[in-house]
2 protein chains.
Amino acid sequence: MATRLQSSLRLIARQTGATLARTPVRNRPVAWATRVAFSTNAPHFAEPHGNVAFTAEKYPHMKRNNDFKKLSEEDVTYFKSILAPSSITQDSEDLETFNIDWLNKYRGQSKLVLKPSSTEQVSKILKYCNDHKLAVVPQGGNTGLVGGGVPVFDEIIVSMSNMNTIRSFDNVSGALVCDAGCILEVLDKYLEERGYLMPLDLGAKGSCHIGGNVSTNAGGLRLLRYGSLHGTVLGLEAVLPDGTILENLSTLRKDNTGYDLKHLFIGAEGTLGMVTGVSILAPKRSKAINVALLGMDTFDQVQAAFKRSKDELSEILSAFEFWDKAAIKLVKEHLVAGANDPLESLHNFYVLVETSGSNKDHDDEKLNAYLESLMVDEVVQDGVVAQDTTQIHNLWAIREGIPEACSKAGAVYKYDISMPVPVLYQAVEDMRAHLVQSDAYGDDKLFTSVIGYGHVGDGNLHLNVAAEKFTAKATGLIEPFIFEWTAGHSGSISAEHGLGVSKNNFLHYSKSASMIELMKRFKNMLDPNGIMNPYKYLPDK
Amino acid sequence: MATRLQSSLRLIARQTGATLARTPVRNRPVAWATRVAFSTNAPHFAEPHGNVAFTAEKYPHMKRNNDFKKLSEEDVTYFKSILAPSSITQDSEDLETFNIDWLNKYRGQSKLVLKPSSTEQVSKILKYCNDHKLAVVPQGGNTGLVGGGVPVFDEIIVSMSNMNTIRSFDNVSGALVCDAGCILEVLDKYLEERGYLMPLDLGAKGSCHIGGNVSTNAGGLRLLRYGSLHGTVLGLEAVLPDGTILENLSTLRKDNTGYDLKHLFIGAEGTLGMVTGVSILAPKRSKAINVALLGMDTFDQVQAAFKRSKDELSEILSAFEFWDKAAIKLVKEHLVAGANDPLESLHNFYVLVETSGSNKDHDDEKLNAYLESLMVDEVVQDGVVAQDTTQIHNLWAIREGIPEACSKAGAVYKYDISMPVPVLYQAVEDMRAHLVQSDAYGDDKLFTSVIGYGHVGDGNLHLNVAAEKFTAKATGLIEPFIFEWTAGHSGSISAEHGLGVSKNNFLHYSKSASMIELMKRFKNMLDPNGIMNPYKYLPDK
């Protein structure tokens, strides 16, 4: 028995040979991520701007709030008095970059982009806008997935791109303080040189701003290990709509002096004010990283492997991702750059396990023991372990290639839901069964594929439904079924992507009436004129 | 060299022989902690209730708010209509237990204790009190250190002691849902049987309620490893003063659907409503625990050892505590049960390092390598490693005996401050220098000792100043010096104990005017009649 296992383990170690290339990235005015975003709501990539329909036309139920003033020359004159000429964009072609989201799904009609260079300038801008009832959209790296960072009508765009200074770093505690417009990857590289890392990582890291991450409570890859931003953000500097600057850039791990107001701004999607500075606790960078790819038959096995990983990999476990057969099929079929699956045959389920620790030998020993126990108990059918950094990237490339592969499968309806782990894959199966029952699934039917993948460790499923094309009939077969299913399983209809304009009217599936009512009271208290990121986040009615 | 080290390590391993007994615990009506609280503001222990002065007399500047109605028979009749007779306490002797804090420092004059058994009962109580302007104090295990959990005047005490049911536990994710009145240690034992642990641990765990922990954002021992409650609490059920029940007992790790309102209640000390249910993410319990006690010459060495522990112990580091020579002297001199210091000679600084991991051999190897490197570089002068669970408890007993030892040193002024780690011990030195300069330090002077200890990993110092007796002159020499010093070093005047009645008027040393103003707006919005835990938390003016 031991010999067989021994040879199986060697097999795993040798068989890798993954030659997966990096997934391609889009050509954008700002530096793009080396990884594409993990999940998107985009049915297509890289459509020319001119072809993107205005959000207002696409969603005719949305009406401009005429309490908001329209931009006048006088307003522009004021902004010119407080900002440098290069910090004001009015040219219609330049405006497009800011009006359209990166998925080319939403398109606003703003005539003005302001790029303040200091918190004081942000304060002056917001105070003026609030006094004159000019609506505002805060914008970070414009990498959001729910249309929250671009205007719907003629809101003024306040871009944080000029506020990108690292203010301080404490090499003892790991507390980093920086402007909200710092790019996540830039911060992570800065920390890498000092032996630390950012406690969050996501596909858009080459473009997204830390202020946007905070404002959308970004989840991503490292949440399983380092927790959410509510735990890692130590302090915020924020500007309220009336121009008040809230100075709370604490670098302290412990501070029990009053209501911890920063948490209201984490995940508020810019509806309460603008985050201008962030203090965040960076953990030490792990010296050793291991990645294994496993093939399994059932989701019960995926769950068993996850439970066991918490016991046996425990403190070194840093990611536990999964995808299904439908996903790998699409990756194999569609991915331009090619993501070679190193496993010999097709499996119903795939798991990517990552460990991060301070001692390579110890981590190898733990991982080998873990994999051995999975094989002995036949929880796993096949697997490979990456032998070097290139192979680690290559295994990740399969996982990261899924959103793009899906986007090439036709019109893809995408959902980002969370729920208790035991029912995670049931969402996929129930959706498939529902479509079969509706006689809408299979060759020559309305829907061709239902794909499931995501972060098992966080109970976060990315559910994709591929259709021939987007139609009202197709939409009606998926929604509200999926939201009702999620609500019925104590889940969240938006695990990590947020609400924006795409989910705000479905909020009641995840929050009670009294919670929504209270949210509205907070909004009204802090932004009585409603100028901050209107038409989004909270339900229309 | 290697041989010397080798024998030194063996020496460390053998020398332990700690025979430290458990620190004594007070005789209280409810089960008390096996550990005493880490830091207290109490000048004495176990004083008979009758001798405790009323808070209102001790602090004559505090005036009863006569907007609040006085309790009438009619009110009691209403409460009798919704609660069982055993859930209502009016007997004057029984009331004392709820009116006086466990440190015998604060004493209220409430005539009524209500012990609801359900969230609906809490809702009815608060709604009635709000409608009739009856002031309320929520009370958990009554183990707070700043007088936040007992009345000041005649507020009605709403005790959560009857709400102590564990509602659910998810063995895959580790999500535990329970009533707010569950005792921390009971929850931890429940989880221990299932291979998990509570992500927080503190001296009062045998009495404190999880709802109180959440309401005071309790820190304690495990924060270094598992982070704050803002990261580990998944959801809350809370009742607003108007009786609205906020149902948000999510068990999801990810949920980006709207403002994350639960964070406002974490650390609000019951001033916004009452927490009635808690959902919290329990981590897996570590299989291996190691504890080492080290003796050092300078605080620079303490810092060097801490930095190195983050590199070398990394993911298994679970505590890094320190105390100074003044602390160990008091422990040796005063501790009744005796806490035998296993190190041969006195050192200027002591560090307790704890590791928790999933593999004992790996952890031993990491810890030995770490200790070896400290010895080679002469960062540490002496040390012992516990050989078994008893010795682990014994080493912890020294650390945990400090608050009690301090309390026997006379009148002890106690502060709980946080700041950047590099200036942590400077607070102690500057305080000592300040008292020397004031000709108030040394034998036959006003102050006999300045003691420093605390959580290095969290930048949290417990600063104790021992005086002959409490006098206005003595107080004037320490305050506001210590608060100004803390503010001048970007610190917090309350790291983990909270504000209550003892710190509320010093809030401006840690929070800006605009932050305090905004806090007041939140308070006024949610509790317009101000019935929830009045006279506390926010500044009087």
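Residues numbered from 1 in each chain as written. Chains lettered and ligands numbered in written order. Predicted model: local features only at pLDDT ≥ 70, side-chain atom pairs only at ≥ 80, totals over all residues. Heavy atoms only, no water.

A.B. asks: Help me understand the confidence of the model for chain A, please; the structure alone is not making it clear to me.
C.D. replies: Low pLDDT means the predicted coordinates in that region are not meant to be read closely. Mean pLDDT over chain A stands at 89; residues scoring 70 or higher make up 90%. Predicted confidence for residues 1–48 of chain A stays below pLDDT 50, and this span has 132 contacts to residues more than four positions away or in other chains. (pLDDT = per-residue confidence, 0-100. Contact = heavy atoms within 4.5 Å.)

A.B. asks: Would you mind showing me how to read unusual backbone geometry here?
C.D. replies: Excluding glycine, residues mostly have negative phi values, and the peptide bonds linking residues are mostly trans. All names here are of chain A. Here the residue pair Glu-479 and Pro-480 is connected by a cis peptide bond, since its omega of 0° sits within 30 degrees of zero. Within the secondary structure layout, Pro-480 lies in the loop between helix H16 (472–478) and helix H17 (481–488). For Asn-104, which is not glycine, the phi dihedral falls at a positive 55°. Locating Asn-104 in the fold gives a position in the loop between helix H4 (92–99) and strand S2 (113–114). Of note, Glu-269 is a non-glycine position whose phi angle comes to about 50°, a positive value. Structurally, Glu-269 can be placed in the loop between helix H10 (262–265) and strand S9 (274–281). Glu-269 sits in the buried class, given a relative accessible area of 9%. (Helix = DSSP H or I, 4+ residues; strand = E, 2+ residues; numbered from the N terminus. Buried < 20%, exposed > 50% of the residue type's maximum accessible area, 1.4 Å probe, protein only.)

A.B. asks: Looking at this structure, how should I read the sheet that holds strand S4 (residues 156–159) of chain B?
C.D. replies: In sheet architecture, strand pairing relies on hydrogen bonds along the backbone and comes in two forms, parallel and antiparallel. Residues and elements named next belong to chain B. The strand order across the open sheet formed by four strands is S1-S2-S4-S3, and the pairing between neighbours is mixed. Pairing within the sheet leaves two strands with one partner each, and these edge strands are strand S1 (88–89) and strand S3 (136–139). The sheet contact formed by S1 and strand S2 (residues 113–114) spans two bridges and is antiparallel. Residue pairing for S2: Ile-88 is matched across the bridge by Leu-114. Across the sheet, helix H4 (residues 92–99) is in contact with S1, S2, S3 and S4; its angle to S4 comes to roughly 75°. (Pairing = 2+ DSSP bridges. Axes fitted to C-alpha atoms, helices over the stretch in contact; angles between N-to-C directions.)

A.B. asks: I keep staring at the nonpolar core and nothing clicks. Help me out?
C.D. replies: What tends to happen in soluble globular proteins is that the nonpolar side chains get buried as a cluster. The biggest cluster of nonpolar side chains holds 154 residues, and the ones touching the most others in it are A:Phe79, A:Ile210, B:Phe79 and B:Ile210. Residues within four places of B:Ile210 in sequence aside, it is in contact with B:Cys178, B:Asp179, B:Ala180, B:Cys182, B:Leu187, B:Met198, B:Leu200, B:Val278 and B:Ile280. (Core = buried A, V, L, I, M, F, W, Y, C linked by side-chain atoms within 4.5 Å.)

A.B. asks: Where do I start with the packing of aromatic side chains in this structure?
C.D. replies: Both the distance between ring centres and the angle between the ring planes are used here to describe each pair of aromatic rings. One pass over the full model with this rule turns up 45 aromatic pairs over all chains. Judged by centre distance (4.7 Å) and plane angle (85°), the ring pair of A:Phe349 and A:Tyr425 falls under edge-to-face. Linking A:Phe349 in strand S12 (residues 349–357) with A:Tyr425 in the loop between strand S14 (411–418) and helix H15 (426–437), this pair joins segments that are 76 residues apart in sequence. One exposure class covers both A:Phe349 and A:Tyr425, and it is buried. Here the aromatic rings of B:Phe299 and B:Phe322 are separated by 5.4 Å at their centres, their planes lie at 65°, and the arrangement is edge-to-face. Taken together, the positions of B:Phe299 in helix H11 (residues 299–312) and B:Phe322 in strand S11 (residues 317–324) put the pair 23 residues apart, joining distant regions of the chain. In this pair, the class of B:Phe299 matches that of B:Phe322, namely buried. Among the aromatic side chains, those forming a connected cluster through ring pairs are A:Phe299, A:Phe322, A:Phe349 and A:Tyr425. Taking NZ or CZ as reference, A:Arg107 lies 4.5 Å from the ring centre of A:Phe54, over its face. (Phe/Tyr/Trp six-rings, centres within 6.5 Å; stacked < 30°, edge-to-face > 60°. Lys NZ or Arg CZ within 6 Å of the ring centre and 35° of its normal.)

A.B. asks: Got a minute to help me understand the interface of chain A and chain B in this structure?
C.D. replies: Think of interface size as the accessible area that goes away when the parts come together; that is how it is often given. The interface is formed by 91 residues belonging to chain A together with 91 residues belonging to chain B. When the area that chain A buries against chain B is broken down by residue, the three leading residues are A:Lys254, A:Asn256 and A:Tyr259, summing to 14%. Where chain A touches chain B, the interface holds eight salt bridges. Of the charged contacts in the structure, one is a salt bridge between A:Asp311 and B:Lys284, with a shortest N-O distance of 2.8 Å. Linking chain A with chain B are 56 residue pairs in polar contact (both at pLDDT 80 or more). Elements supplying a minimum of two residues to the side of chain A that touches chain B: helix H8 (223–226), helix H9 (229–232), strand S8 (245–248), H10, helix H11 (299–312), helix H13 (360–376) and helix H18 (513–526) of chain A. For the side of chain A that touches chain B, the element with the most residues is H18(A), which contributes nine residues. (Buried area = accessible area lost by both parts, 1.4 Å probe. Salt bridge = Lys/Arg side-chain N within 4 Å of Asp/Glu carboxyl O. Polar contact = N/O pair within 3.5 Å; in protein donor to acceptor, adjacent residues only side chain to side chain.)

A.B. asks: Quick question: what am I supposed to make of H13(A) here?
C.D. replies: Each turn of an α-helix holds 3.6 residues, which means side chains three or four residues apart point in the same direction. Residues and elements named next belong to chain A. Look at H13: 24 Å from first C-alpha to last across 17 residues, which is about the 24 Å you get at 1.5 Å a residue. Taken together, the buried positions of H13 are His-362, Asp-363, Lys-366, Leu-367, Tyr-370, Leu-371, Ser-373, Leu-374 and Met-375. Two or three places before Asp-361, at the start of H13, stands the capping residue Asn-359, its side-chain oxygen 3.1 Å from that residue's backbone nitrogen. Looking one or two residues beyond H13, the residue adopting positive phi is Glu-378, at roughly 55°. (Expected span 1.5 Å × (residues − 1).)

A.B. asks: Help me understand the relation of the copies chain A and chain B in this model?
C.D. replies: Between the two copies of the chain lies a rotation about an axis combined with a shift along it. You can overlay chain A on chain B at an RMSD of 0.0 Å; the transform is a turn of 180° with a shift of 0.0 Å along its axis. What the superposition gives is, in effect, a two-fold axis relating one chain to the other. In terms of C-alpha distance to the rotation axis, chain A has A:Gly231 as its closest residue, with the C-alpha 2.0 Å off the axis. Interface overlap between copies: 100% of the residues of chain A at the interface are likewise at the interface in chain B, consistent with a symmetric, same-surface contact. (Least-squares fit on C-alpha atoms with pLDDT ≥ 70 in both.)

A.B. asks: In this structure, what is going on with the environment of B:Tyr441? I would like to understand it.
C.D. replies: Residues and elements named next belong to chain B. By the element assignment, Tyr-441 lies in the loop between helix H15 (426–437) and strand S15 (447–455). In this structure Tyr-441 comes out as partly exposed when scored by relative accessible area, which is 24%. Placed 26 residues apart in sequence, Tyr-441 and Ala-467 show a C-alpha to C-alpha distance of 9.1 Å. Once you skip the residues sitting within four places of it in the chain, Tyr-441 turns out to touch Arg-432, Leu-435, Val-436, Phe-447, Thr-448, Ser-449 and Val-450.

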